[in-house]
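Chain by chain, the residues run as shown.
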Amino acid sequence: MKKVVLAYSGGLDTSVCIPILKENYGFDKVITVTVDVGQPAEEIEAASKKAKLIADKHYTIDARDEFVNDYIFRAIKANAAYEGYVIGTSLARPLIARKCVEVAKKEGADALAHGCTGKGNDQLRFEAVFRATDLAVIAPMRDMNLTRKWEIEYAKKHGIPVPVTKAKPWSVDENIWSRSIEGGRLEDPSFMPPEEIYKWTTDPLKAPDKPDIVSIGFKEGVPVSLNGKKMGGVELIRELQGIAGRHGVGRTDMMEDRVLGLKARENYEHPAATVLLTAHKDLEKLCLSRAELRFKAAVDEAWAELGYMGLVEEPLYADLNAFIDETQKRVNGTVKVKLYKGSCMPVARESPTALYSKELVSFDGKSLDQKDAEGYAKFYGFQARLYKKLINQ
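Owing to the predicted nature of the structure, the values given are computational and were not obtained by experimental measurement. Residue positions are counted from 1 within each chain, in the order its sequence is given. Selection of residues for local features in this predicted model requires a pLDDT of at least 70, selection of side-chain atom pairs for listing and counting requires 80 or more, and totals for whole chains, interfaces and linings are taken over all residues. Computation of side-chain values: all heavy atoms of the structure, hydrogens and water removed.

Undergrad: What exactly am I supposed to notice about empty space enclosed by the protein here?
TA: Gaps between atoms show up when a probe of the same size as a water molecule is rolled over them. Of the two site types, the cavity is a set of points on a 1 Å grid over the protein atoms alone where a 1.4 Å probe fits but cannot get out, and the pocket is an open set with protein on both sides within 12 Å along at least five of seven lines, each lined by residues with an atom within 4 Å of a point. Grid points are joined across faces, edges and corners, and a volume is the space filled by probe spheres set on the points. Under the definition given, this model contains one cavity of 30 Å³ or more. Approximately 50 Å³ is the volume found for the largest cavity. Breaking the lining of the largest cavity down by element, the ones donating at least two residues are α4 (89-107) and α10 (290-309). Of the residues forming the lining of the largest cavity, the biggest block, three residues, is contributed by α4. Amino acids are sorted into nonpolar (Ala, Val, Leu, Ile, Met, Phe, Trp, Tyr, Cys and Pro), charged (Asp, Glu, Lys and Arg) and polar (every other residue, Gly among them). In terms of residue class, the lining of the largest cavity is made up of six nonpolar, two polar and no charged. Note on conventions: DSSP H or I runs of at least 4 residues are helices, E runs of at least 2 residues are strands, and numbering of each starts at the N terminus.

Structural data, given as structure tokens:
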């Protein structure tokens, strides 16, 4: 009996994969795996129910705490943003893939499968993990060059309920950290997205007229409290998601460069992520030296690119994490952030490990004799002055 383990979301692509894997690839048994990384509870439940109807065996795995502690917290410490936006979907893919591999080993499967197309990034993120095994890797959407229209018709013929229609063909991927919306008319960069695509964030124009000030507590670069209340990672992100989303914070509409080189129009929502990353980066400026901040900016960019690509097995990823973890030992304290009409702005910060002295920097302090700076000033810009004299001769 040929067995295949399919990473299953419950959406259109992965749902039609189940009969396709049997009809076109000759598998006798399709085992589906849904990994809970913070999707809506009803989505997990719907995926599980659907899988039990159309698959031969199904697993639902709760990986929310693991996702937050081992993936999202690393992203916060690395200020992870790719081309200016918060990476979210990409962070979850290696974890989902790893859970599928665990199930495949348990079930003695012959192959691993996913429902990704050949045009996007997710195929690479899954397969970077899948291909580290000795199992075959199957990608029906890519192999058969399928279109969304064909899939909808195929699903209807096979009696598979799907959440998309030709009128609203949005493809949504959601986890506790971010929500991505793509497909349909959104593929046209000149099309202004309708408000209906957003679920986590209020239209900034309709957000409350009174701002909120939220206080984020950090320990070694990781958020540990919200408004003075200690919380676990999942609870903190959930709570902050509602507060920031209510103020319209955390929307991105951008042109993105995919790994394959294709440009794509992408829409994202990430309210809690926006606040936490903004607060963390602000606290680093208080706690890290100028040289550390300059070098870490390059490290963070490299980390974000690897995270975006799903290359968490790349040796450089571990190397970067080692450096980042060392810097974060001193990133402790609290940052207050103002949320208002889509904006997110740090307004106060404090830290027991700050590289800051109020006495030394104050205009009223006399711990430093200002005259001592004169010698430094005489040499500052020295070569530029010599150059100016030279060219004016």
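Undergrad: What is the right way to read the packing of aromatic side chains from this model?
TA: Given two aromatic rings, their pairing is described by the distance between the two centres and the angle made by the two planes. Classification of ring pairs uses Phe, Tyr and Trp, with its six-membered ring standing for Trp, and accepts pairs whose centres are within 6.5 Å; under 30 degrees between planes counts as stacked, over 60 as edge-to-face, and the remaining range as tilted. For the structure shown, the criterion picks out nine aromatic pairs. On the numbers, 6.2 Å between centres and 55° between planes, the contact of F379 with F382 is tilted. The classification of residues rests on relative accessible area computed with a 1.4 Å probe and restricted to protein chains. Under 20% of the type maximum is buried, over 50% is exposed, and intermediate values are partly exposed. Judged by its relative accessible area of 39%, F382 is partly exposed.

Undergrad: Looking at this structure, how should I read the sheet that holds strand β15 (residues 333-340)?
TA: What links the strands of a sheet is backbone hydrogen bonding, and the strands pair in either a parallel or an antiparallel sense. Taken in spatial order, the five strands make up an open sheet running β12-β11-β10-β15-β16, and their pairing is antiparallel. For this open sheet the edge positions go to β12 (229-230) and β16 (343-350), each flanked by a neighbour on one side alone. The pairing criterion for strands is at least two bridges between them, as found by DSSP. Alignment of β15 against β16, held across seven bridges, turns out to be antiparallel. Across the sheet, Y340 pairs through a bridge with S343, a residue of β16. By the convention used here, residues are in contact when the closest approach between their heavy atoms is within 4.5 Å. Each axis is a line fitted through C-alpha atoms, taken for helices only over the stretch in contact, and angles between the N-to-C directions span 0 to 180 degrees. This element, helix α8 (residues 233-246), spans β10 (212-219), β11 (222-226), β12 and β15 of the sheet and lies at about 70° to β11.

Undergrad: How do you make sense of the sheet that holds strand β8 (residues 171-174) when you look at a structure like this?
TA: Reading across the sheet, the four strands line up as β8-β9-β14-β13 and stay open at both edges, with antiparallel pairing between neighbours. One side of each edge strand has no neighbouring strand; the edge strands of this open sheet are β8 and β13 (251-257). Strand after strand, the sheet turns through a mean of 25° between neighbouring axes, direction not considered. Summarising the sheet, β8 and strand β9 (residues 179-182) pair through four bridges and their orientation is antiparallel. For V172, the partnering residue across the bridge sits in β9 and is I181.

Undergrad: Explain the layout of surface pockets here, please?
TA: Of the pockets and cavities examined, the second largest pocket occupies roughly 410 Å³. As for the second largest pocket, its lining consists of 19 residues, of which N79, A81, L277, K281 and D300 are closest to the centre. Its residues placed into classes, the lining of the second largest pocket shows seven nonpolar, six polar and six charged.

Undergrad: Just to check I follow, could you spell out the state of the cysteines for this structure?
TA: As used in these notes, a disulfide is a covalent bond between sulfur atoms, one from each of two cysteines. Any cysteine sulfur atom paired with another within 2.5 Å is treated as part of a disulfide. Going through the model one piece at a time under the given rule, you end up with zero disulfides. Among the cysteines around C116, which has no disulfide bond, C17 carries the closest sulfur, lying 8.8 Å off. What makes C116 buried here is its relative accessible area of 10%. C344 carries a free sulfur, and the closest cysteine sulfur to it, the one in C287, is 18 Å from it.

Undergrad: Help me understand unusual backbone geometry, please; the structure alone is not making it clear to me.
TA: With the exception of glycine, the majority of residues adopt a negative phi angle, and the majority of peptide bonds are in the trans configuration. Phi at N79 is positive, roughly 50°, even though this residue is not glycine. Looking at the secondary structure, you find N79 in the loop between α3 (64-77) and β4 (81-82). Of the residues examined, N79 reaches a relative accessible area of 10% and is grouped as buried. Positive phi outside glycine occurs at E220, with the angle close to 50°. The topology assignment puts E220 in the loop between β10 and β11.

Undergrad: Is there a simple way to explain the packing of α4 against helix α5 (residues 122-130) in this structure?
TA: Axes are the key here: two packed helices are described by the angle between their axes and the distance separating the axes. Where α4 meets α5, the closest approach of the two axes is 8 Å, and the angle between their N-to-C directions is 40°. Between α4 and α5 lies a crossing whose hand is right-handed. Side by side, α4 and α5 meet where T89, S90, R93, P94, I96, A97, R98, C100 and V101 of the first sit next to D122, R125, F126, V129 and F130 of the second. Taken together, the residues of the contact of α4 with α5 sort by class into eight nonpolar, two polar and four charged. Helix crossings get a hand from a simple test, with the near helix turned counterclockwise from the far one by less than a right angle marking a left-handed crossing and a clockwise turn marking a right-handed one.

Undergrad: What am I meant to see in the environment of K338 here?
TA: For K338, the location among the structural elements is in strand β15. Judged by relative accessible area, which is 31%, K338 ranks as partly exposed. The sequence separation of K338 and I213 amounts to 125 residues, and the corresponding C-alpha distance is 4.5 Å. Discounting residues that sit within four places of it in the chain, K338 has contacts with P211, D212, I213, S343, C344, M345 and V347.

Undergrad: For this particular structure, what's the right way to read the pairing of strand β3 (residues 57-62)?
TA: Two faces belong to every sheet, and in a regular strand the side chains alternate between them. With six bridges joining them, strand β2 (residues 29-36) and β3 adopt parallel strand pairing. The residue of β3 that forms the bridge with T34 is T60. Call a crossover right-handed when, viewed with both strands pointing away from you, the route from the first strand across the helix to the second goes clockwise. What joins β2 to β3 is helix α2 (residues 41-54), and the crossover it makes is right-handed.

Undergrad: Please explain α5 as it appears in this structure.
TA: Residues that lie three or four places apart on an α-helix share one face, since the helix turns once every 3.6 residues. Burial runs high along α5: seven of the nine residues are buried. For α5, the set of buried residues is D122, Q123, R125, F126, E127, V129 and F130. Against the buried residues of α5 lie β1 (3-7), α4, β6 (111-113), β7 (136-138), α6 (140-143) and α10.

Undergrad: How should the pattern of salt bridges be read in this particular structure?
TA: Between side chains of opposite charge, a pair can form as their charged atoms come close. The salt bridge criterion pairs a side-chain nitrogen of Lys or Arg with a carboxyl oxygen of Asp or Glu, the two atoms within 4 Å. Per the counting criterion, the structure on display carries 33 salt bridges. The partner of R64 in a salt bridge is D36, and the shortest N-O contact between them spans 3.6 Å. One end of the pair, R64, is in helix α3; the other, D36, is in strand β2, and 28 residues separate them in sequence. K341 is the salt-bridge partner of D209, the closest N and O atoms lying 2.9 Å from each other.

Interpretation in functional terms is not warranted from these geometric data alone.
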